[in-house]
Amino acid sequence: MTSLLQRTVLFADLRGSTGLFEKLGNAEAASVVTQSVALMAQIVGSCGGQVVKTLGDGLMAVFEQPQGGIEAADEMHESLDRIVSGAPQSGARRQALKLQVAMAHGEVVELNGDCFGDAVNVAARLLDSAGDNETLTTQQVLDGLEAEHRSRFRSLSKLQLRGRQEPVQVYRLDARRFGETVATLFEGSVPMPAPDGIRLAWLDVTRVFAGVDLPAVLGRSPQATYCIDDTRVSRSHARVEWHGGTFQVSDLSYNGTYVRFAGRDEVIALRRGSCTLHGRGVICLGASPTDPTAPTVNFDVLSFQDTEPRSTD
């Protein structure tokens, strides 16, 4: 029987399970992944949702109202932390397993226990743009929430999703835990004054981003905030934003984003991950900085007080 319904569609996906099998071995890794997906399914039910299907390392679910999906996403992130930290070799598990969640709201078609429709397609494509331990939603999800719940969301502007002609307004569900997943080469170092802006330069295109200019999406699409015309660059390849008092770059691509800081040989490879940007360096899209032909964006984190004229008195 076919039914047309208004639903919030949620996709959740565990990433990093391949590395987990390498670190823990087949038996233990399979147990962790199976336990994690089963727990996510239980959470969907406890939040009033329905699991449509499991998808290997993840699942698809529907909720009658957006609030149920938001509650489920929060509980999934928190529960995953408990799974990976509450057993032996928890460090390896925490490093390997990351959770991405994406939601869209709209009309869906229920047919033989499955769901189809634009909201399903948008949520599935939006999952491709989610970073490690992020929850992304569309405008329609926010429209279905009470006003007091909307303050937790931050606009990521419009993203060009694969398979869609029109960009989609996207929001990230902010929570304290997300700031703990960002990689940095400066852990344990002396805190520095908060920066004011970031300069990006590719070929002869130089722009400074600060405040309302952020987040900035780097990509090949004409709709990208900072357009980089190279076949190795995805339409929406990476996102630079101000988050938690620092500038961060997040990979949204299939080919990866690579960061190398000035004066260092180490290359940080981001695969749906994030990295805190300090000082100066390069962001390479779709190829490593070791490739001299890589599409390379030079970045420079700025303190505007250092660029102001000084008094001669």
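Before reading on, note that the structure itself is shown above.
Rules used throughout
- Residues numbered from 1 in each chain as written.
- Predicted model: local features only at pLDDT ≥ 70, side-chain atom pairs only at ≥ 80, totals over all residues.
- Heavy atoms only, no water.
- Helix = DSSP H or I, 4+ residues; strand = E, 2+ residues; numbered from the N terminus.
- Buried < 20%, exposed > 50% of the residue type's maximum accessible area, 1.4 Å probe, protein only.
- Polar contact = N/O pair within 3.5 Å; in protein donor to acceptor, adjacent residues only side chain to side chain.
- Pairing = 2+ DSSP bridges.
- Core = buried A, V, L, I, M, F, W, Y, C linked by side-chain atoms within 4.5 Å.
- Contact = heavy atoms within 4.5 Å.

Visitor: Quick one: what's the story with the side chain of Thr-135, residue by residue and with numbers?
Guide: Structurally, Thr-135 is set in strand S6 (residues 134-138). Looking at Thr-135, the relative accessible area reads 0%, which means it is buried. One polar contact links Thr-135 to His-77, side chain to side chain, over a distance of 2.9 Å.

Visitor: Go over the pairing of strand S3 (residues 58-63) with me, naming the residues and quoting the values.
Guide: Within S3, 6 of the 6 residues are buried, which leaves the element mostly enclosed by the surrounding structure. Where burial is concerned, the two faces of S3 agree: the one with Gly-58, Met-60 and Val-62 and the one with Leu-59, Ala-61 and Phe-63 are both buried. Judged from the 6 bridges that link them, strand S1 (residues 2-15) and S3 form a sheet pairing that is antiparallel. Along S3, the bridge assignment pairs Leu-10 with Ala-61. Looking at chain direction, strand S2 (residues 50-54) and S3 are connected through 4 bridges and run antiparallel. Its bridge partner lying in S3, Lys-53 is registered against Met-60.

Visitor: Quick one: what's the story with the nonpolar core, residue by residue and with numbers?
Guide: Nonpolar side chains in soluble globular proteins generally cluster together in the buried interior. One finds Leu-10, Ala-12, Met-40, Leu-59, Met-76 and Leu-99 to be the most contacted residues of the largest nonpolar core, which totals 31 residues. Top contributing element to this core by residue count: helix H2 (residues 26-46), with 7 residues. With near-sequence residues (within four places) excluded, Ala-12 lies in contact with Met-40, Gly-58, Leu-59, Met-76, Leu-99, Gln-100 and Val-101. Ranked by size, the runner-up nonpolar core spans 25 residues in total, among them Ala-216, Val-259, Phe-261 and Val-297.

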